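# Fold and geometry: a report
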Amino acid sequence: GAVVSQHPSWVICKSGTSVKIECRSLDFQATTMFWYRQFPKQSLMLMATSNEGSKATYEQGVEKDKFLINHASLTLSTLTVTSAHPEDSSFYICSASPATGWDYGYTFGSGTRLTVV
Amino acid sequence: QQQVKQSPQSLIVQKGGIPIINCAYENTAFDYFPWYQQFPGKGPALLIAIRPDVSEKKEGRFTISFNKSAKQFSLHIMDSQPGDSATYFCAASISGGYNKLIFGAGTRLAVHP
């Protein structure tokens, strides 16, 4: 089945530094990937849609200069949290699907727990 | 119109019980309705999904019931086990492209032994 790998699983960084999170589709090509943010006991909030070879589409209210997304290949999308602050601490999750249509669900990565101190 | 409303927020059942989680949507363009299971510290995992041309779908102990006219769908977990204790999310999307999923707020299920 479709597998999405996310790295790192957790990261602690100092306030003001930048952190990069990787999302890879291991056994399929993903022209589109999605990045979500999840606060404790809350639902998934879509941050942006990552498209291979083009600029990401950000949801309303998400700062594109703070959350940089690069989808440089058909199997890799990266999310960089720039100048991180404690309020950016959250659980970040990516997802992708091997094909369009309802027969293929969206597979999620295992998530990255970011703690900014 | 993009919202998916999910209830209840939390649910406690005894082992063997049948928890039922309900979702409602407004956008009639939605034609893909998946359910995801999430354990603490993990990403969501797809459980089962349904399209609006069927009223029910079963996969193992999980069943989706779909009411197109009422724009509602629900998840039933038969013979629930303590290992089913997790957060469950319903979602909706438009198929035919890489369209985003609209998630419900989630239901925290606890199955007591």
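For the structure itself, consult the block above.
Calculation notes
Residues numbered from 1 in each chain as written. Chains lettered and ligands numbered in written order. Predicted model: local features only at pLDDT ≥ 70, side-chain atom pairs only at ≥ 80, totals over all residues. Heavy atoms only, no water. Helix = DSSP H or I, 4+ residues; strand = E, 2+ residues; numbered from the N terminus. Rg over C-alpha atoms; globule rule 2.2 N^0.38 Å. Contact = heavy atoms within 4.5 Å. Lys, Arg positive; Asp, Glu negative; His and termini not counted. Charge placed at Lys NZ, Arg CZ, Asp CG, Glu CD. Buried < 20%, exposed > 50% of the residue type's maximum accessible area, 1.4 Å probe, protein only. Areas by Shrake-Rupley, 256 points an atom, 1.4 Å probe, with all protein chains shown as cover. Pairing = 2+ DSSP bridges. Axes fitted to C-alpha atoms, helices over the stretch in contact; angles between N-to-C directions.

## Let's talk about the overall build of chain A
Secondary structure summary: chain A contains zero helices and eleven strands in total. Counted from the first residue to the last, chain A has its helices and strands arranged as β-β-β-β-β-β-β-β-β-β-β. In summary, chain A has a C-alpha radius of gyration of 14 Å against a globular reference of 13 Å for 117 residues, a match within 12%. By principal-axis analysis of the C-alpha atoms, chain A measures approximately 40 × 30 × 25 Å. Look at the contacts in chain A between residues 6 or more apart in sequence, and 53% of them connect residues 24 or more apart. One finds the centroid of the 9 positive side-chain charges in chain A at a distance of 8 Å from the centroid of its 9 negative side-chain charges.

## So, the overall build of chain B
Within chain B one finds zero helices and eleven strands. Helices and strands in chain B line up, N terminus first, as β-β-β-β-β-β-β-β-β-β-β. Computed over its C-alpha atoms, the radius of gyration of chain B comes to 13 Å, within 12% of the 13 Å expected for a compact globule of 113 residues. Taking the principal axes of the C-alpha coordinates as reference, chain B spans close to 40 × 30 × 20 Å. Looking at chain B as a whole, 46% of its 113 residues are labelled buried. Put simply, 54% of the contacts in chain B that link residues at least 6 apart link residues at least 24 apart. Total accessible area on chain B is roughly 5400 Å²; 49% of this is exposed by carbon and sulfur atoms. Of note, chain B has its 11 positive side-chain charges centred 6 Å away from the centre of its 7 negative side-chain charges.

## Here we look at the sheet that holds strand β8 (residues 72-77) of chain B
Residue and element names in this part refer to chain B. Reading across the sheet, the five strands line up as β1-β3-β8-β7-β6 and stay open at both edges, with antiparallel pairing between neighbours. In this open sheet, the two strands that pair with only one neighbour each are β1 (4-7) and β6 (56-59). Across the sheet, the axes of successive neighbouring strands diverge by a mean angle of 15°, strand direction being ignored. Judged from the four bridges that link them, β6 and strand β7 (residues 62-67) form a sheet pairing that is antiparallel. Opposite Glu56, over in β7, you have Ser65 as the bridge partner.

## Here's the deal with the sheet that holds strand β8 (residues 76-81) of chain A
All names here are of chain A. If you walk across this open sheet you meet the four strands as β1-β3-β8-β7, and the pairing is antiparallel. The open sheet is flanked by β1 (4-7) and β7 (67-73), the only strands paired with a single partner. Averaged over all adjacent pairs, the angle separating strand axes in this sheet is 15°, with direction ignored. The pairing of β7 with β8 spans five bridges and is classified as antiparallel. Its bridge partner being in β8, Ser73 is matched across the sheet by Leu76.

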